[in-house]
Amino acid sequence: TQKMFDELRISRKSVGEPEDGFLGSWFTHVFKIGRKKCVLFMNDQTLYTVLLYGLKKKDFENLNRRFVSRLTANLMLDGFPPEVVASAGMACHPVAWGKTNNRSVLGSMNDLIFVCKVMAERRDLELEVELLELNQGLNKTPMSSLKEVYAVDRMKVVLEGREPA
């Protein structure tokens with residue numbers, strides 16, 4: 001959390017507890033793959049993740065927009081109907097930053113960051129398609145804390161109200 005606040009140039013004292021927004025809260029973690037900065041976003045209800053890779057200082061100024069853009073691209077690739085993707089993108093505004101308060105989600109994030117680093121070693125992440133496929137793989141990584149096992153399946157239940165096939 002502190003790394004994220006540093007990148008966003010906001011004071012930890014100026015933010016409160018996370019608020020329930022779109023699907024509850026989204027947690028973030030800043031880390032590196034090689035020499036590239038990454039941010040992993042994870043939804044606390046679904047454990048659905050959004051990975052931003054290769055960020056530079058200026059990218060953090062538009063992080064909200066980049067997150068929504070990547071989220072909608074991920075949802076499209078995961079086969080969500082366009083109207084669901086559009087409403088999900090619109091529901092993400094405005095973004096409010098808060099302190100992390102869920103140890104279970106943090107543990108899940110750390111697990112997926114490890115998986116991400118291992119998967120990234122096998123791919124050329126400079127290609128946009130490779131990054132989307134990596135993110136899709138993260139959302140299809142088994143998560144023991146989910147009834148549906150995969151984050152993408154839990155997201156389908158929440159967004160579309162239907163059980164996974």
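Below: a short report on this structure. Computed from a prediction, not measured in an experiment: that's the story for all the values here. (Residues numbered from 1 in each chain as written. Predicted model: local features only at pLDDT ≥ 70, side-chain atom pairs only at ≥ 80, totals over all residues. Heavy atoms only, no water.)

### Digging into the packing of helix α2 (residues 63-77) against helix α3 (residues 82-91)
Close contact between α2 and α3 brings their axes to 9 Å; oriented N to C, the two are set at 160°. Judged on the interaxial angle alone, α3 and α2 are roughly antiparallel. Regarding α2 and α3, the two cross each other, and that crossing is right-handed. Between α2 and α3, the residues in contact are Val68, Thr72, Leu75 and Met76 and Pro82, Val85, Ala88 and Gly89, respectively. Per-class residue counts for the contact of α2 with α3 are six nonpolar, two polar and no charged. (Axes fitted to C-alpha atoms, helices over the stretch in contact; angles between N-to-C directions. Helix = DSSP H or I, 4+ residues; strand = E, 2+ residues; numbered from the N terminus. Parallel < 35°, antiparallel > 145°, perpendicular 65-115°, else oblique. Left-handed = near helix turned anticlockwise from the far one by under 90°. Contact = heavy atoms within 4.5 Å. Nonpolar A, V, L, I, M, F, W, Y, C, P; charged D, E, K, R; others polar.)

### Observations regarding the sheet that holds strand β3 (residues 49-55)
Read from one edge of the open sheet, three strands run β1-β2-β3, paired in antiparallel fashion. Among the strands making up the open sheet, the edge pair consists of β1 (26-33) and β3. Direction aside, neighbouring strands of the sheet carry axes that sit 20° apart on average. In terms of strand pairing, strand β2 (residues 36-43) meets β3 through six bridges, oriented antiparallel. Residue pairing in the sheet places Cys38 in a bridge with Tyr53 of β3. Its contacts with the sheet place α2 against β1, β2 and β3, and it is angled at close to 125° to β3. The sheet contacts of helix α4 (residues 103-121) involve β1, β2 and β3, and relative to β1 the element is tilted by about 35°. (Pairing = 2+ DSSP bridges.)

Remember, this is a structural readout, not a statement about activity or role.
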